[in-house]
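Next come the chains, spelled out residue by residue.
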Amino acid sequence: MRILQEFFNAIAKLIRVNLDDPDTSRMQERFDDMYRQFFRRPAEHFYGTEKEIILDNLKQEGRSERDMFARMEMLSELLYRDGLVKKSIPERCMLLEKSLYLLEYLDRHSRTFSWERNLKMNDVRKILTEFDY
């Protein structure tokens, strides 16, 4: 839980910093750092890997179900936030689709109901529909 809290604090800080600094290249560096710090892989790994494989990799890490769900939530949030700042529409949609895939898995399999998760899933679906993705 400490890592989960640390992760969401880092995301919040990143978002606050972005409001003061519109330079997306620096923001991308920060996202890259977060992928490496929390998932031990570069951002490019998640960009180039199919959503089903990302999910399978999370399931095969050998963690408890609770930890696996926490990591899924973290990765879905990182993909979501990263996708929202992408200027390239195909890249944005690809990341949001991966985030949605993980969120939907969590929604189906987690014993915890989350209004926030449902709102985020609806938000992502709306964005993807706007871009006919």
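Residues numbered from 1 in each chain as written. Predicted model: local features only at pLDDT ≥ 70, side-chain atom pairs only at ≥ 80, totals over all residues. Heavy atoms only, no water.

Some details on the packing of helix 2 (residues 24–39) against helix 5 (residues 65–85)
The relative placement of two packed helices comes down to the angle between their axes together with the axis-to-axis distance. The test is simple: Every axis corresponds to a line fitted to the C-alpha atoms, with the helix fit spanning only the stretch in contact, and the corresponding angles, defined between N-to-C directions, vary from 0 to 180 degrees. Only DSSP runs of H or I with at least four residues qualify as helices, and only runs of E with at least two residues qualify as strands; both kinds are numbered from the N terminus onward. An angle below 35 degrees is treated as roughly parallel, one above 145 as roughly antiparallel, one from 65 to 115 as roughly perpendicular, and anything else as oblique. A clockwise turn of the near helix away from the far one marks a right-handed crossing, whereas an anticlockwise turn of less than a right angle marks a left-handed crossing. Contacts: residue pairs with any heavy atoms within 4.5 Å of one another. Any residue that is not Ala, Val, Leu, Ile, Met, Phe, Trp, Tyr, Cys, Pro, Asp, Glu, Lys or Arg is counted as polar, Gly included; the first ten are nonpolar and the last four charged.
Between helix 2 and helix 5, the least distance of the axes is 11 Å, while the angle of their chain directions is 165 degrees. Between helix 2 and helix 5, the crossing angle belongs to the class labelled roughly antiparallel. Along this stretch, helix 2 crosses helix 5, giving a crossing that reads as left-handed. Only Arg71, Met74, Leu75, Leu78, Leu79, Arg81, Asp82 and Val85 of helix 5 make contact with helix 2, whose side of the interface consists of Thr24, Met27, Gln28, Phe31, Met34, Tyr35, Phe38 and Phe39. Residues belonging to the contact of helix 2 with helix 5 are distributed by class as follows: eleven nonpolar, two polar and three charged.

A few points about unusual backbone geometry
Generally, phi is negative for residues other than glycine and the peptide bonds are trans, each holding for most cases. Even without glycine at this site, arginine 40 takes up a positive phi of about 55 degrees. Relative to the helices and strands, arginine 40 resides in the loop between helix 2 and helix 3 (43–48). In this model, aspartate 132 sits at a positive phi of 50 degrees, which is unusual for a non-glycine residue. Locating aspartate 132 in the fold gives a position in the segment after helix 7 (115–130).

Considerations on the side chain of lysine 51
The criterion, for reference: To sort residues, take the accessible area from a 1.4 Å probe on protein chains only and compare it with the maximum for the residue type: under 20% means buried, over 50% means exposed, and anything in between is partly exposed. We define a polar contact as two N or O atoms separated by no more than 3.5 Å, with the added condition that, inside protein, one atom must be a possible hydrogen donor and the other a possible acceptor, whereas residues neighbouring each other in sequence contribute only through side-chain atom pairs.
Positionally, lysine 51 belongs in helix 4 (residues 51–59). Residue lysine 51 is classed as buried on the basis of its relative accessible area, which comes to 19%. Within the structure, lysine 51 has its side chain in polar contact with the side chain of glutamate 97 (distance 3.0 Å). When sequence neighbours within four positions are dropped, the list of residues in contact with lysine 51 reads Glu97, Lys98 and Tyr101.

Focus: the pattern of salt bridges
Formally: Any Lys or Arg side-chain nitrogen found within 4 Å of a carboxyl oxygen on Asp or Glu counts as a salt bridge.
Counting across every chain of the model gives nine salt bridges. For arginine 125, the salt bridge identified is with glutamate 104, shortest N-O distance 3.0 Å. Here arginine 125 is found in helix 7, whereas its partner glutamate 104 is found in helix 6 (residues 89–109), with 21 residues between them in sequence. Overall, the relative accessible area of 23% leaves glutamate 104 in the partly exposed class. Through salt bridges with shared partners, a single ionic network connects Glu61, Arg63 and Arg71.

Considerations on the packing of aromatic side chains
Put simply, the rule is: Note on aromatic contacts: the rings of Phe and Tyr and the six-membered ring of Trp form a pair at centre separations within 6.5 Å, being stacked when their planes are under 30 degrees apart, edge-to-face when over 60 apart, and tilted otherwise.
The full count for this structure, using the stated rule, is four aromatic pairs. Pairing tyrosine 35 with tyrosine 47 gives two aromatic rings, centres 6.2 Å apart and planes at 85 degrees, and the pair type is edge-to-face. Linking tyrosine 35 in helix 2 with tyrosine 47 in helix 3, this pair joins segments that are twelve residues apart in sequence. Under the relative-accessibility criterion, tyrosine 47 is labelled buried at 18%. A centroid spacing of 5.9 Å and a plane angle of 75 degrees characterise the contact between phenylalanine 39 and phenylalanine 46, whose relative ring orientation is edge-to-face. For the pair phenylalanine 39 and phenylalanine 46, a shared accessibility class is recorded, and that class is buried.

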